[in-house]
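Geometric and topological summary
Listed here are the chains, written in short residue letters.
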Amino acid sequence: MDERLVVVGSLNMDLSVTVPRLPRPGETVSGADVVRGPGGKGGNQAVAAARLGARVRMVGLLGDDAHGVELRAALTAEGIDDSAVGTLPDTASGLALIVVQHDGENTITLSPGANHHLDEATLRSLTEGLVANSADTVLLQLEVPLPTVLAAAREARAAGALTVLNAAPLPGPGPLPAELLRAVDVLIVNETEAAGLLGLPDVPSGGRDEDWTARADQLRRLGPGTVVVTLGAAGAVAADARGPLTEPGFPVDAVDAVGAGDAFCAQLAIALGLGSPLAESVRRACAAGAVAATRRGAQNALPTRAEVDSLLAATP
Ligand code: RIB
């Protein structure tokens, strides 16, 4: 039986420009032609999950504009159930302005548009009151309002679904609501988000593994039974009740990291939802992220199950 997964989250149109190096504040840098394509952490994770073999339902909000039409078509083209994706009149769809450096590093500026109107009442009306209706797994991110994420997490937990939160992007300084972290089974963060949640100063990437496993364990004490910290090209660390583990990742020629984290989250949620051990799930998730990083764009870059299998098979 395929995993049944519900994604509650954002849908954005991405406008992306590749540049030789990211501009500093006040600086102008010329880049390549603009590339437009469907994105948004919610939409990306839904599309990744569908390509990786799950049966997916998306819950979200679009504006009544041309981007909204395209974003919905991108979901249905993957066989995703869009019956809980609403269209809001007189509102723009979410838009992301992305700058990608030649080695794949990027910055993203968001105009949330309709995503920010996904309040709890709208969530209830879109899902007829049942977010986790017969879902095995509910996958959440933070590009829609926090109270909505909390309501979805509460319901997923009460319905017995595996509740997975990718705490990205963090809404700002200060902790996330304690209740949200306690309602989550699996928390996925990158290094910056891990530091933010622990109230640490921003940390440079590429720290020692033992620092990150210790931090994953510290995050577990905030509530989630399983915590995974992604480390970009260096793989990921994770901790659950059995202890910490490290996955070194897959050496690939990365050209664009946008969407890599989303592929990781979707694959991890599917594997854990199917009952795979944490180490195997994190390894599969790293492989999914690695494939996504070798291609430009967000949804355009997301891998299929066969591509993940073949990278795993090719890497002892
Ligand atoms: O995770 C990548 C996504 O973040 C992009 O597709 C962009 O839309 C932003 O939401």
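Just above sits the structure.
As a starting point, this report considers the structure included with it. (Residues numbered from 1 in each chain as written. Predicted model: local features only at pLDDT ≥ 70, side-chain atom pairs only at ≥ 80, totals over all residues. Heavy atoms only, no water.)

What to know about the overall build of the chain
Threshold: Helix and strand labels come from DSSP, where a helix needs a run of H or I of at least four residues and a strand needs a run of E of at least two; each type is numbered from the N terminus. Only C-alpha atoms enter the radius of gyration, while the globule expectation follows 2.2 Å times N to the 0.38, with N the number of residues. For the exposure calls, accessible area comes from a 1.4 Å probe over protein chains only, and a residue counts as buried if that area is under 20% of its type's maximum, exposed if over 50%, partly exposed in between. Residue burial considers only the protein chains on display, and all accessible areas are found by Shrake-Rupley using a 1.4 Å probe.
Within the chain one finds 10 helices and 13 strands. At 18 Å, the chain has a C-alpha radius of gyration in line with the 20 Å of a compact globule built from 316 residues. Expressed as lengths along the three principal axes of its C-alpha atoms, the size of the chain is roughly 50 × 50 × 40 Å. A burial count over the chain gives 52% of its 316 residues as buried. Surface accessibility of the chain: about 13,200 Å² in total, with carbon and sulfur atoms responsible for 54%.

Section: the nonpolar core
The cut-off we apply is this: Among buried residues, those of type Ala, Val, Leu, Ile, Met, Phe, Trp, Tyr and Cys that are joined through side-chain atoms within 4.5 Å constitute a nonpolar core. Only heavy atoms enter the contact rule, under which two residues are in contact if any of them lie within 4.5 Å.
Grouped together as the largest cluster of nonpolar side chains are 50 residues, with contacts concentrated most on Leu5, Val56, Leu268 and Val282. Considering every element that reaches this core, the biggest residue donor is helix 9 (residues 278-293), with 10 residues. Residues within four places of Val282 in sequence aside, it is in contact with Val228, Ala236, Ala238, Leu245, Glu247, Phe264 and Leu268. Listed in part, the 43 residues of the second largest apolar core include Ala114, Ala135, Leu140 and Leu142.

Here we look at the packing of aromatic side chains
Selection criterion: Stacked, tilted and edge-to-face are the three classes assigned to paired rings of Phe, Tyr and Trp, where Trp is represented by its six-membered ring and a pair needs centres within 6.5 Å; plane angles under 30 degrees give stacked, over 60 edge-to-face, the rest tilted. Charge-over-ring placement is defined geometrically: NZ (Lys) or CZ (Arg) within 6 Å of the ring centre, and within 35 degrees of the ring normal.
Overall, the coordinates contain 0 aromatic pairs when judged by the stated rule. Stacked on the ring of Trp212, the Lys or Arg Arg215 has its end atom at 4.7 Å from the ring centre.

Some points on the packing of helix 1 (residues 41-51) against helix 8 (residues 260-273)
Selection criterion: Here an axis means a line fitted to C-alpha atoms, over the contact stretch when the element is a helix, while the angle between two N-to-C directions is reported on a 0 to 180 degree scale. Roughly parallel means an angle under 35 degrees; roughly antiparallel means over 145; roughly perpendicular covers 65 to 115; every other angle is labelled oblique. Here a crossing is taken to be left-handed if its near helix is turned anticlockwise relative to the far helix by less than a right angle, and right-handed if that turn runs clockwise. Residue type decides the class: Asp, Glu, Lys and Arg count as charged, Ala, Val, Leu, Ile, Met, Phe, Trp, Tyr, Cys and Pro as nonpolar, and the leftover types, Gly among them, as polar.
Following both chains from N to C, one finds helix 1 and helix 8 inclined at 50°, their axes separated by 8 Å at the closest point. Judged on the interaxial angle alone, helix 8 and helix 1 are oblique. Helix-helix and strand crossings are classified by hand; for helix 1 and helix 8 the assignment is right-handed. Here helix 1 contributes Lys41, Asn44, Gln45, Ala48 and Ala49 to the contact with helix 8, which in turn contributes Asp262, Ala263, Cys265, Ala266 and Ile270. Class assignment of the residues belonging to the contact of helix 1 with helix 8 gives a composition of 6 nonpolar, 2 polar and 2 charged.

A word on the sheet that holds strand 3 (residues 35-39)
Put simply, the test is: We treat two strands as partners when DSSP finds at least two bridges between them.
The 4 strands are arranged 3-2-6-7 in an open sheet whose pairing can be described as mixed. Because the sheet does not close on itself, it has two edges, and the strands there are strand 3 and strand 7 (106-111). Pairwise comparison of adjacent strand axes, ignoring direction, gives a mean angle of 25° for this sheet. Sheet topology note: the strand 2 (residues 12-19)/strand 3 ladder contains 5 bridges and is antiparallel. Paired with Leu15 across the bridge in strand 3 is Arg36. Running at roughly 60° to strand 3, helix 2 (residues 66-76) makes contact with strand 2, strand 3 and strand 6 (94-101) of the sheet.

Description of the pattern of salt bridges
Note the cut-off: Each reported salt bridge corresponds to a side-chain nitrogen of Lys or Arg within 4 Å of a carboxyl oxygen of Asp or Glu.
Under the definition given, this model contains 17 salt bridges. Note that Arg4 is salt-bridged to Asp136, the shortest N-O span being 2.8 Å. Within this pair, whereas Arg4 is found in strand 1 (residues 4-8), its partner Asp136 is found in the loop between helix 3 (120-127) and strand 8 (137-140), the two being separated by 132 residues in sequence. A relative accessible area of 26% means that Arg4 is categorised as partly exposed. Accessibility expressed as a relative area gives 26% for Asp136, which makes it partly exposed. Because the salt bridges share partners, they merge into one network encompassing Arg21, Arg24 and Glu27.

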